[in-house]
Amino acid sequence: MDTHILPTRLYVGIFLILLTLTAATVTASFFDLGGRLNSANVLVAMSIACGKALLVVLFFMHVRYSPRLIWVFVGAGFFWLAILIALTMSDYLSRGWLPLPTPWGT
Amino acid sequence: MAEHVAHHFEDAEQQREAATLGMWAFLITEIMFFGGLFAGYTVYRSTYFDAFAEGSRHLDLVLGTVNTAILIGSSLTMALAVQAAQRSRRGPQVVFLLLTILLGLAFLGIKAVEYGHKFEQHLVPGRFFSWPGPHASNVQLFFSFYFAMTGMHALHMIIGIGLLIWLTIQARRGRFTGSYYNPMEVSGLYWHFVDIVWIFLFPLLYLIDRHVH
Amino acid sequence: MTTAGAGTNYLNADYRVRSWLLTTDHKRIALLYLVSISVFFAIGGALAGVIRLNLLTPYGSLVQAETYNKLFTMHGITMIFFFLIPSIPAVLGNFLVPLMIGARDLAFPRINLLSWYIYVVGGTFTIVAAVTGGVDTGWTFYTPYSSTFANTNVMLTALGVFITGFSSILTGLNFVVTIHKMRAPGLTWSRLPLFIWAHYATSLIMLLGTPVVAITILLVALERGLGIGIFDPKLGGDPILFQHLFWFYSHPAVYIMILPSMGVISEVVACFSRKRVFGYTVVAVSSLTIAIVGFLVWGHHMFVSSQSMYAGMIFSFLSFLVAIPSAIKVFNWTATMYKGSIDLRTPMLYALGFIGLFTIGGLTGIFLATLAVDVHVHDTYFVVAHFHYIMVGGAIMGYLGGLHFWWPKITGKLYSEAWGRIAAITLFIGFNLTFFPQFIVGILGMPRRYHVYPPEFQFLNILSTAGATVLAIGYVLPLFYLTWSLLKGERAGANPWRATGLEWEADSPPPTFNFDRTPVVTAEAYAYPSLPEASRG
């Protein structure tokens, strides 16, 4: 943990950026950015969300000033979530590749 | 003020590092706990996109956005509370903690209003669910996720507020100063994490497809 | 170093009941767990006994189908969640991790105690569920049966398992932080005993996997109780999603059950070969590799579930990979013994049994990982035999070996070596007689989870039940001679086995705070050959 005391204006600045990004993501949702299943919209929304999360993690949670071990823990947590989602989705996305009579989901 | 070093630690620094690492280890478990819900959500949204989009449009965008701002604000006040502890300032600690609690309660209040609306609109999954349009069953699936995810999030907020109340009482007694403020720091980490969960829940539930067709 | 015991140790420091029930001493908490998990082992064992009795005849003459379903369900739940998963970490891990790294306790002693109480509460829920009607979904709780159609005590059991999961999570959390932050000066990662590496890897799994099964079980409970239907086909839900989320934890869970055992084996084999473990770094890295790759293979439980064939192929391939680090460990233990000075004491007998039986269990795992073979043997006794070879022939033998190895340290007493060996050999014979026939009937097609079977399998089933009787004797024997050792056993010195490791430098039993002064480590782990007796310390 850090003995770094971050200045108030930094916290307030991050807060304002977070509010701006919130406004941005709401605004973006009103536009059809294309892609299958609205994928471009999803990409934008998730990127903004990741950006917001990163700001909270790095500054509000002091990770920017924390030892490397903390970075590894944080990274591992999100990476493991990615494993869960990716491998599970590998099943659902590839189910339609075989010509079976009644695919699930229809 | 004497440093409160537990007997099994070598020194205050080891105790502090252990506390922070311990809370992060716990937050990793929380990532995976919510992660199960996010995984299920991903599966069904990709399968039933139209139904999910339709359900999403029935969520109150204004209330959701306001709540997002409130929660982000509460993260700010929490961070400032921890900063006040680092600076050994008792008064601001208490003020910012109380503000955080207030904002947290405001969030829950708005959530309760939203839940009330959903109940009136017959959108609560189960016996009383009713949907006039197509894909009714899949829309009910969307609302199952809406209630499961926001409900679990709200539960974590309630626990967090309880934690903050305890923290405020301790802070009022001047327990946290620049040389010892571990409980403040780790509670802050927990609170920010709950904020991050909402940062992802909000677009996934409220902003699926808001564009004007 | 520790002062010579003035007679005060962690056992006799305070005799009051509340000093045990409110203890924060990791050693006492380990004993609390020892008692509790033994109770659940007895329950799980009794259930197994009834199952094997029923299977003496092909016609299910002992119990009806519904009862039988409850028996194997409760047997699985009890043994997995309430015995195997806690066993080594909660008993041996809790006791030894601080001692082995030169610390006075774990990082969070009160959370350690909380862990135990959570375990007890969860266990109580489950026992209540069992005696008020039981559960018949199988320990795997598959939907939609568990979420919609079952009319047994699913809710109560699910809540019991859900609660107990937090016990596991908190134990893992405690170990990870302790190992990172509280190692004695000079105790670098590359000098850690492999028992610690094993527990570190296990703790990673506990942290990353358990929460997923927690939320999954909760969702089943929500679906049953509130109609929030995530897995309900009527809403377009997919019951297979449950299986994905369930096995995401439950496969790594088997590594929670085996990794600590492997850690024990490393310690025991080194000591009773009087040699450092061959390929220390490789063994340590293997523990981590098993933990990580173990998270990538869960779909091999779902080959015939309607999971996509392409996902199945990925999971099959990854399952082959995960066998490699396990095999590496077996090779390294064997190489450790090569040209070592072998001493066939009781712990070593258990270790040898582990190596042989785990190898058989592991290899049959490869058969199951092969997609085409699995289609044939899925849900047969081949699978049952496979996991019992690993869990009983492997994990439990490691647990018993460890219990015997560290018994003098934990209790300050020596047990009867003769009876120890008799029990170990009885167990080994009983185990193989019980489970080897199950490989055969499995390949021949006898399905699992049925209270009846085709008559042509009866002979092998009788063999299996006979074996189970011998196995039971093997398990009961330690109860007697270990208890006897507490009352009348010879006093043990600090290091009766002349083993390396900081835990052996503390008294037997250790004082409450383990070490008077924090030890400083200068030697590598397992410094056996060059360890002159006189100048230790």
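If you're wondering where the values come from, they're calculated on a predicted model, not measured in any experiment.

Asks: What am I meant to see in unusual backbone geometry here?
Replies: Trans peptide bonds make up most of the peptide bonds, and negative phi angles are found at most residues other than glycine. Note that the residue after C:T143, namely C:P144, is joined by a cis bond; omega there is 0°. Counting through the fold element by element, C:P144 comes out in the loop between α5 (109-131) and α6 (145-149). A cis amide bond links C:S508 to the next residue, C:P509, at an omega of -10°. For C:P509, the location among the structural elements is in the segment after β2 (490-491). We note that B:H135 has phi near 60°; this positive angle belongs to a residue other than glycine. Structurally, B:H135 is set in the loop between α4 (90-120) and α5 (136-172). By relative accessible area, which is 43% here, B:H135 ends up partly exposed. With phi around 55°, C:F141 is a residue other than glycine that occupies positive phi space.

Asks: Would you explain the environment of B:L205 in this entry?
Replies: All names here are of chain B. Counting through the fold element by element, L205 comes out in helix α6 (residues 182-206). Residue class for L205 comes out buried when judged on its relative accessible area of 1%. Along the backbone, L205 and G55 are 150 residues apart, and their C-alpha atoms lie at a distance of 8.7 Å. Not counting chain neighbours up to four residues away, the residues in contact with L205 comprise Y41, S56, L59, F142, Y146 and T150.

Asks: Could you clarify how one ought to interpret the interface of chain A and chain C in this entry?
Replies: Contact residues are listed per partner, giving 15 residues for chain A and 25 residues for chain C. Taking both partners together, chain A and chain C bury about 1800 Å²; carbon and sulfur atoms supply 75% of that area. The three residues of chain A that bury the most area against chain C are A:W80, A:L84 and A:L87, which together make up 34% of that side's buried surface. As a salt-bridge pair, C:D238 and A:R95 come within 3.1 Å of each other at their nearest N and O atoms. Connecting chain A to chain C are six residue pairs in polar contact (both at pLDDT 80 or more). In terms of residue class, the side of chain A that touches chain C is built from ten nonpolar, three polar and two charged.

Asks: Where do I start with the environment of C:T411 in this structure?
Replies: Residue and element names in this part refer to chain C. Structurally, T411 can be placed in helix α14 (residues 381-411). Along the backbone, T411 and M74 are 337 residues apart, and their C-alpha atoms lie at a distance of 32 Å. In this structure T411 touches L11, L486 and P509, once residues within four positions along its chain are discounted. From its side chain, T411 meets the backbone oxygen of W407 in a polar contact 2.7 Å long. Here K413 takes part through its backbone nitrogen, which lies 3.1 Å from a polar atom of the side chain of T411.

Quick notes on the rules
- Residues numbered from 1 in each chain as written.
- Chains lettered and ligands numbered in written order.
- Predicted model: local features only at pLDDT ≥ 70, side-chain atom pairs only at ≥ 80, totals over all residues.
- Heavy atoms only, no water.
- Helix = DSSP H or I, 4+ residues; strand = E, 2+ residues; numbered from the N terminus.
- Buried < 20%, exposed > 50% of the residue type's maximum accessible area, 1.4 Å probe, protein only.
- Contact = heavy atoms within 4.5 Å.
- Buried area = accessible area lost by both parts, 1.4 Å probe.
- Salt bridge = Lys/Arg side-chain N within 4 Å of Asp/Glu carboxyl O.
- Polar contact = N/O pair within 3.5 Å; in protein donor to acceptor, adjacent residues only side chain to side chain.
- Nonpolar A, V, L, I, M, F, W, Y, C, P; charged D, E, K, R; others polar.

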